[in-house]
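Working through the structure, step by step
Listed here are the chains, written in short residue letters.
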Amino acid sequence: MTLQRPKGTKDHLPPGSPGLSLDIQASAHAHVQRVAAQVLERAGARLTATPLFEDAALVKRGVGGSTDIVRKEMFTVYYAGDHGGFVLRPEGTAPIVRSYLENGLKQLGSPLKLWTHGPMFRAENVQQGRLRQFHQVDYECIGSSDPLADAEAIALMWEIVTELGLRGVSIQLGSIGDPQDRAAYNEYLRELFAPHLDALSDDSKERLERNPMRILDSKSSSDQALIAELGVRPMLDFLGEDARAHFAAVQEFLREWEVPFEIDPSIVRGLDYYRRTAWELHHQGIGAKSALGGGGRYDGLAQELGSKAEVPGIGWAFGIERILLAMQDEGLSVPEPAGPLLYLAALEGAQVPLAAQLARQARAVGGAEFSYRKRGAGQAYKEAARLGARYAGVIGSEEAAAHALKLKHLGSGETSTVPFGELNTFLMTTFQGEDS
Ligand code: HAM
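Residues numbered from 1 in each chain as written. Predicted model: local features only at pLDDT ≥ 70, side-chain atom pairs only at ≥ 80, totals over all residues. Heavy atoms only, no water.

**Some remarks on the layout of surface pockets**
In this structure, the second largest pocket occupies an estimated 310 Å³ of space. For the lining of the second largest pocket, the secondary structure elements donating two or more residues are helix 2 (56-63), helix 6 (179-193) and helix 10 (301-304). When residues of the lining of the second largest pocket are assigned to their parent elements, the largest contribution, 4 residues, is made by helix 6. (1 Å grid on protein atoms, 1.4 Å probe; cavity = no way out; pocket = protein on both sides within 12 Å on 5 of 7 lines; lining within 4 Å. Points joined across faces, edges and corners; volume = space filled by probe spheres on them. Helix = DSSP H or I, 4+ residues; strand = E, 2+ residues; numbered from the N terminus.)

So, in structure tokens, the structure goes:
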């Protein structure tokens, strides 16, 4: 048996682990989630979660049969040798809309703002920042078609990355119009590319049939050369009146709120459910092809999944690993968890249970650890320092008899004699004193 995690997955490790980088530091992931939670919950978003696997048909309908995700990157779930028609979720939006419809969440009010975080799975070609199991923070605002909802969604994403300290980020904003606008654009692209079929990559030949817009997003350099040569007109030229007005309103709000953005006239997203507003968040230090995040409006998705009524929605997700790679690129770090307030060790085996009991009791005040074995005083203070403890104490037969222990403040070296019964009060007083 090899001790090797599956390709495209990462272990998330504690601080201090060998070879640690920010994108695999478990506490850094938690930090990003915490900052996202603060920003999103202040805006009224509620935490939700859906299963890690979903009906394959749901994902296919939601994400779209012509996307790379559905055609090439789905992880199928087998159990007891049987294919149950399930896939590991490649993204969060279709599952959240499924959950919204199935659980009648409309009753919670409209619009409803939801957010979630967790692993997503795509069987992609693995490279830096491109994983098979990655982690997203995902925000969805369901029930409103107002451009204010779009602007707020974009602003929330911006606030999170700003709060994380990122500076080299930019929002590339576009619109992919209403379905009829997109149909007109696809028709234009078909006519434009048809005479050049031979020059297109195999993938793009297929895209010309199913979804010509996706050719613009091709990773093949010869496709990109042809696109440049043909001088392809951008999607924005094809917006109908309604989509154009909506797009203008979104921009106006963002300008008013001083959320910076650049217009990307030919934005293509890798998922089929988008309508109108679509955007990506990019970082100067991470390859242009790897967005930190992306989102858009998906007013047709609920009906695609079987809802009789149209349920408009807008949302976004960012990849936590990519956010952390960008933070690392900018030399940012995350707050380290503080060491314990107290470390206790027994000088003799007989006092080990007493040290354990006192330390456990002290957890009512703050972090407290204890040694499972007896330790010499020197050894105990060394261990306490390694853990980053504020106070360390040792308990021998003398202390046990006197019902008091000597506590050493590791910063100043000062010692205090503290009766067992006053340990928590002592710690609380000094803890509050030092923190204020
Ligand atoms: P997406 O653009 O497919 O959108 O993914 C969002 C983000 O997830 C990407 O910008 C990237 O940071 C991260 N990501 C995607 N694939 C990978 C990968 N293989 N490895 C590492 N990170 C990755 C969505 O998923 C939509 N559900 C967003 C959305 C929500 N739209 C509306 N609501």
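So that's the structure; there's more coming.
**Focus: helix 5 (residues 147-163)**
With 17 residues, helix 5 extends 24 Å between its outermost C-alpha atoms, agreeing within 8% with the 24 Å of an ideal straight helix rising 1.5 Å per residue. Counting buried positions along helix 5 yields 12 of 17 residues, so the element is predominantly enclosed. Those residues of helix 5 lying buried are P147, A149, D150, A151, A153, I154, A155, L156, M157, W158, I160 and V161. The distance from a side-chain oxygen at the start of helix 5 to the backbone nitrogen of L148 is 2.8 Å, and the residue carrying that oxygen is D146. In the stretch just after helix 5, G165 is the one whose phi turns positive, near 100°. (Expected span 1.5 Å × (residues − 1). Buried < 20%, exposed > 50% of the residue type's maximum accessible area, 1.4 Å probe, protein only. Polar contact = N/O pair within 3.5 Å; in protein donor to acceptor, adjacent residues only side chain to side chain.)

**Notes on helix 11 (residues 320-329)**
Along an α-helix, residues three or four positions apart point the same way, because every turn accommodates 3.6 residues. With respect to burial, helix 11 is a largely interior element, 8 of its 10 residues being buried. Residues I320, E321, R322, I323, L324, L325, A326 and M327 constitute the buried set of helix 11. Structurally, helix 11 contributes buried residues whose contacts are with helix 1 (26-42), strand 6 (133-142), helix 5, strand 9 (275-283) and strand 11 (313-319). Backbone geometry just downstream of helix 11 places G331 in the positive-phi region, at approximately 75°. (Contact = heavy atoms within 4.5 Å.)

**Thoughts on the site of the ligand**
Near the ligand, the surroundings consist of 27 residues, among which E91, E124, L131, Y274 and L292 are the closest. Interatomic distance of 3.0 Å between a side-chain N/O atom of Q136 and an oxygen atom of the ligand. Here the ligand loses 96% of its free accessible area of 660 Å² to cover by the protein chains. Looking at the shell around the ligand, the elements that each hand over two or more residues are strand 6, strand 10 (293-297) and strand 11. (Near = heavy atom within 4 Å. Areas by Shrake-Rupley, 256 points an atom, 1.4 Å probe, with all protein chains shown as cover.)

**Some remarks on the packing of helix 5 against helix 9 (residues 241-256)**
Direction vectors running N to C along helix 5 and helix 9 enclose 45°, while the axes themselves pass 8 Å from each other. The orientation of helix 5 relative to helix 9 falls into the category oblique. The way helix 5 lies across helix 9 gives a crossing that is right-handed. Where helix 5 approaches helix 9, its residues P147, L148, D150, A151, I154 and A155 are matched on the opposing element by H246, A249, V250, F253 and L254. (Axes fitted to C-alpha atoms, helices over the stretch in contact; angles between N-to-C directions. Parallel < 35°, antiparallel > 145°, perpendicular 65-115°, else oblique. Left-handed = near helix turned anticlockwise from the far one by under 90°.)

**Details of empty space enclosed by the protein**
Following the criterion strictly, the structure yields 4 cavities of 30 Å³ or more and no others. The volume enclosed by the largest cavity comes to roughly 60 Å³. Lining the largest cavity, in full, are I176, R182, N211, M213, R214, V268, R269, L271 and D272. Of the residues that constitute the lining of the largest cavity, the class distribution is 4 nonpolar, 1 polar and 4 charged. (Nonpolar A, V, L, I, M, F, W, Y, C, P; charged D, E, K, R; others polar.)

**Brief notes about the domain arrangement of the protein chain**
Where interface size is quoted, it is often the accessible area lost as the parts come together. Structurally, the protein chain comprises domain 1 (22-177 + 239-329) and domain 2 (342-435). If you average the C-alpha positions of domain 1 and of domain 2, the two centres end up 48 Å apart. (Domains from an automatic or database assignment.)

**Details of the sheet that holds strand 2 (residues 53-55)**
Taking strand neighbours across the sheet as the criterion, the 3 strands line up as 2-4-3 in an open arrangement whose pairing is antiparallel. Looking at the sheet topology across the chains shown, the edges are occupied by strand 2 and strand 3 (76-79). For this sheet the average axis-to-axis angle between neighbouring strands, irrespective of direction, equals 50°. Judged from the 3 bridges that link them, strand 2 and strand 4 (residues 82-88) form a sheet pairing that is antiparallel. (Pairing = 2+ DSSP bridges.)

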